[in-house]
Amino acid sequence: MLRTHNCNELNFDNIGQRVTLTGWVDTIRDHGGVLFVDLRDHYGVTQIVFNDDSLLNGITKEYVILVEGNVTERDPDTVNPKIDTGKVEVRADKLEVLGPCKMNLPFEIDASTQTREDVRLKYRYLDLRNRKIHDNIVLRSKILSYLRSQMEELGFLEIQTPILTASSPEGARDYLVPSRKHKGKFYALPQAPQQFKQLLMTSGFDRYFQIAPCFRDEDARQDRSPGEFYQLDFEMAFATQEDVFEVAETVVYNTFKKFSDKPVSQPPFKRITFADSMLKYGSDKPDLRNPLIIQDLTDFFATIDFPLFKGKPVRGIVANCAGRSKKFFEDSLKFALSIGMKGLGYLTLSGDEYKGPIAKFLTPEKKEELTNLVGIKEGETVFFICDAISVVNRLAGEIRTWLGETLEVINKDTYEFCFIVDFPMYERNAETNKIDFTHNPFSMPQGGMDALLNKDPLEIFAYQYDIVCNGVELSSGAVRNHNPDIMKKAFEIAGYGEEDVKAKFGALYTAFSFGAPPHAGMAPGVDRMIMLIAGEETIRDVIAFPLNGNAQDVMMGAPGGVTEQQLREVHIKVRD
């Protein structure tokens, strides 16, 4: 190696030794003829002292240099407790330039996170020198290694599945890859290893996992990276829903506990049905750190002559708004209007009386009933959300979040996990009025064939489940539909005939006809887990080379043009 030590390695035991260090020039400080350089590498920082300033002629920040010198103890008043090497320094008498920095920096490295994202991503290799972002990638590596070790300890076998596969309707747009050898035919990048991991179960493997790349042509969000993302994908043969939960709880809890100092909700995680989650939290991704709960007041208002709420679903949220100014309530109305509501009614309990525009519509008996129904206390306010059944829960959920954030009642120093269970198997498509799968079409319906034959499709639940943490969906999973007859009937209800199933999922359907074990699994999102553990607001800060929000790699210039010859080789003609 060019160096004898890393830049975080030196301590009192090295005093008097001659050492060689390499790294980037982080800062240069002139203290009256004595120059100080903070030398930075992957591991940390060491202060270098130059009594001969000629050694630094022409050297600027981000030069890559090699220095030699003796390790000495720092003066007590110059000790830096913020770095590992803060009690020592190297007095250099030799410097060699290994890599000059010939261009002006587009941003200061230590301030890169305050730079516009498009500039950061164009010069991502500089952004990654920022210690915070650099440490995120180190954290990512450690978490991936830990996840693998846990899965292996639990008896799972790591198996890679194909990247080039066939296009299948799995919920998002495919990335297509044209074939050179087969004119007019296309591969697709896998949206998930869904079919392959089920095929592995039919192949006789008992427990499979991989850190799986998934490719979906979908728009970016703070917690979703466009293009590719990674999952801890796992599947278990002869397993029930509870078996999957036990594995997921163990691995997820241990990972968050190991890599964060924040409290983590202990297994078993709360089980919340989809219906309860939508009603109480206004979302199927509830943030349980927010103590505010939504209540159904539809029946209460059914007997009250208040035209705006008549015959419509009504939700209520009780919050402690004592001492809040008139502007707070004006702001709550502005927010309600901004998300598509027509207004936001509320009542405040003051003494034995309610104050607010709706109070005059309530008899004394109804006021007492409301108090008992929602459990409101002196000084608290109950907010009312009323709209069509298709949107009222979502709107109530957004009001709940706004109140939680604005009133600062959300405990942001904890991780609160839950499972969302009992998802509806089917839903009615609002545009076509047809029955569609709500979630994963490969899920086993609760009640099996009997439910498919004898129940209203909209009343059938699936063995589907999500893990949610702090309002972020970490994982989806299901007990799989491994029976060809049940699968055929399930797709038939959604408007697909047996030939459609064979055409779209031929390998899986055929494989199940040769005897398939019951199996189940899930796939926690690795990027989202790391984002939460690192405390980042956007998923792109925990990925080494992410696409931007417009699905572009502005550093490499992707997507980009190709030559006419390349297009001809894969039988492609670009149309205007």
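In what follows, the structure referred to is the one given above.
Fair warning: this is a prediction, and the values are worked out from it, not measured in the lab.

Enquirer: Hey, could you go over the overall build of the protein for me, with residue numbers and the actual values?
Expert: Per the secondary structure count, the protein includes 15 helices and 22 strands. In terms of principal-axis extent, the alpha carbons of the protein reach across some 90 × 75 × 55 Å. Burial analysis of the protein (576 residues in total) assigns 48% to the buried set. Within the protein, counting contacts between residues at least 6 apart in sequence, those at least 24 apart form 66% of the total. Counting only carbon and sulfur atoms, one obtains 50% of the accessible surface of the protein, whose full area is about 29000 Å². In the protein, which carries 68 positive and 84 negative side-chain charges, the distance between the mean positions of the two groups comes to 4 Å.

Enquirer: Can you tell me about the sheet that holds strand E13 (residues 314-320), naming the residues and giving the values?
Expert: Here we have 5 strands laid out as an open sheet, ordered E12-E13-E16-E14-E15, and antiparallel in their pairing. With one partner strand each, in any of the chains shown, strand E12 (294-296) and strand E15 (353-355) form the two edges of the open sheet. Within the sheet, the average angular offset between the axes of one strand and its neighbour, ignoring direction, is 30°. Here 7 bridges tie E13 to strand E16 (residues 380-386), and the two strands are oriented antiparallel to one another. What sits directly across from Arg-315, in E16, is Ile-385. Lying over the sheet, helix H9 (residues 364-374) contacts E12, E13, strand E14 (345-350), E15 and E16, oriented at roughly 85° with respect to E15.

Enquirer: Please provide a residue-by-residue account of the nonpolar core, values included.
Expert: By size, the foremost hydrophobic cluster in this structure holds 66 residues, and its most contacted members are Phe-234, Phe-256, Phe-417, Tyr-426 and Leu-474. With 9 residues, the top contributor of residues to this core is helix H5 (residues 241-259). Setting aside anything within four residues of it in sequence, one finds Leu-474 in contact with Phe-256, Phe-417, Ile-467, Val-468, Cys-469, Ala-523, Pro-524, Gly-525, Arg-528, Met-529 and Leu-532. Counting residues in each nonpolar core, the second largest holds 21 residues, with Leu-10, Leu-35, Ile-48 and Val-71 among its members.

Enquirer: Break down the pairing of strand E20 (residues 464-469) for me, citing the residues and quoting the values.
Expert: One face of the sheet, then the other: side chains in a regular strand alternate in exactly this way. Of all 6 residues that make up E20, 6 are buried, and the element is covered over most of its length. On E20, burial covers both faces: Gln-464, Asp-466 and Val-468 on one face and Tyr-465, Ile-467 and Cys-469 on the other are all buried. The sheet contact formed by strand E17 (residues 417-421) and E20 spans 5 bridges and is antiparallel. Each bridged residue has a counterpart across the sheet, and for Phe-419 the counterpart in E20 is Ile-467. Bridge count for E20 against strand E21 (residues 472-479) is 6 bridges, and the pairing is antiparallel. Residue pairing across strands places Tyr-465 opposite Gly-477, the latter belonging to E21.

Enquirer: Mind laying out the environment of Asn-411, listing which residues take part and the relevant values?
Expert: Here Asn-411 shows up in the loop between helix H10 (392-406) and E17. Polar side-chain contacts of Asn-411 include one of 3.1 Å to the backbone nitrogen of Asp-413.

Enquirer: Provide a residue-level description of the pattern of salt bridges, including the pertinent values.
Expert: Inspection of every chain in the model, using the stated rule, returns 36 salt bridges. The salt bridge involving Asp-93 is made with Arg-18; its shortest N-O contact spans 2.8 Å. Of this pair, Asp-93 sits in strand E5 (residues 88-99) while Arg-18 sits in strand E1 (residues 18-31), placing them 75 residues apart in sequence. Take Arg-18: its relative accessible area is 43%, and that puts it in the partly exposed class. The shortest N-O distance in the salt bridge between Asp-527 and Arg-140 comes to 2.8 Å. Pair noted here: Asp-527 is in helix H14 (residues 526-534) and Arg-140 is in helix H3 (residues 131-153), with a separation of 387 residues, a long-range link. For Asp-527, a relative accessible area of 2% translates into the label buried. Among the charged side chains, a network of salt bridges with common partners joins Arg-18, Glu-68, Asp-93 and Lys-94.

Enquirer: I'd like a rundown of the pairing of strand E2 (residues 34-40), residues and numbers included.
Expert: A large share of E2 lies buried, amounting to 6 of its 7 residues. One ladder, built from 7 bridges, connects E1 with E2; its direction is antiparallel. What sits directly across from His-31, in E2, is Val-34. If you look at the hairpin formed by E1 and E2, you'll find 2 residues sitting between the two strands, and Gly-32 has a positive phi there, around 65°. Taken together, the 6 bridges between E2 and strand E3 (residues 45-50) define a ladder with antiparallel strand orientation. The residue of E3 that forms the bridge with Val-37 is Ile-48.

About the criteria used
Residues numbered from 1 in each chain as written. Predicted model: local features only at pLDDT ≥ 70, side-chain atom pairs only at ≥ 80, totals over all residues. Heavy atoms only, no water. Helix = DSSP H or I, 4+ residues; strand = E, 2+ residues; numbered from the N terminus. Buried < 20%, exposed > 50% of the residue type's maximum accessible area, 1.4 Å probe, protein only. Contact = heavy atoms within 4.5 Å. Areas by Shrake-Rupley, 256 points an atom, 1.4 Å probe, with all protein chains shown as cover. Lys, Arg positive; Asp, Glu negative; His and termini not counted. Charge placed at Lys NZ, Arg CZ, Asp CG, Glu CD. Pairing = 2+ DSSP bridges. Axes fitted to C-alpha atoms, helices over the stretch in contact; angles between N-to-C directions. Core = buried A, V, L, I, M, F, W, Y, C linked by side-chain atoms within 4.5 Å. Polar contact = N/O pair within 3.5 Å; in protein donor to acceptor, adjacent residues only side chain to side chain. Salt bridge = Lys/Arg side-chain N within 4 Å of Asp/Glu carboxyl O.

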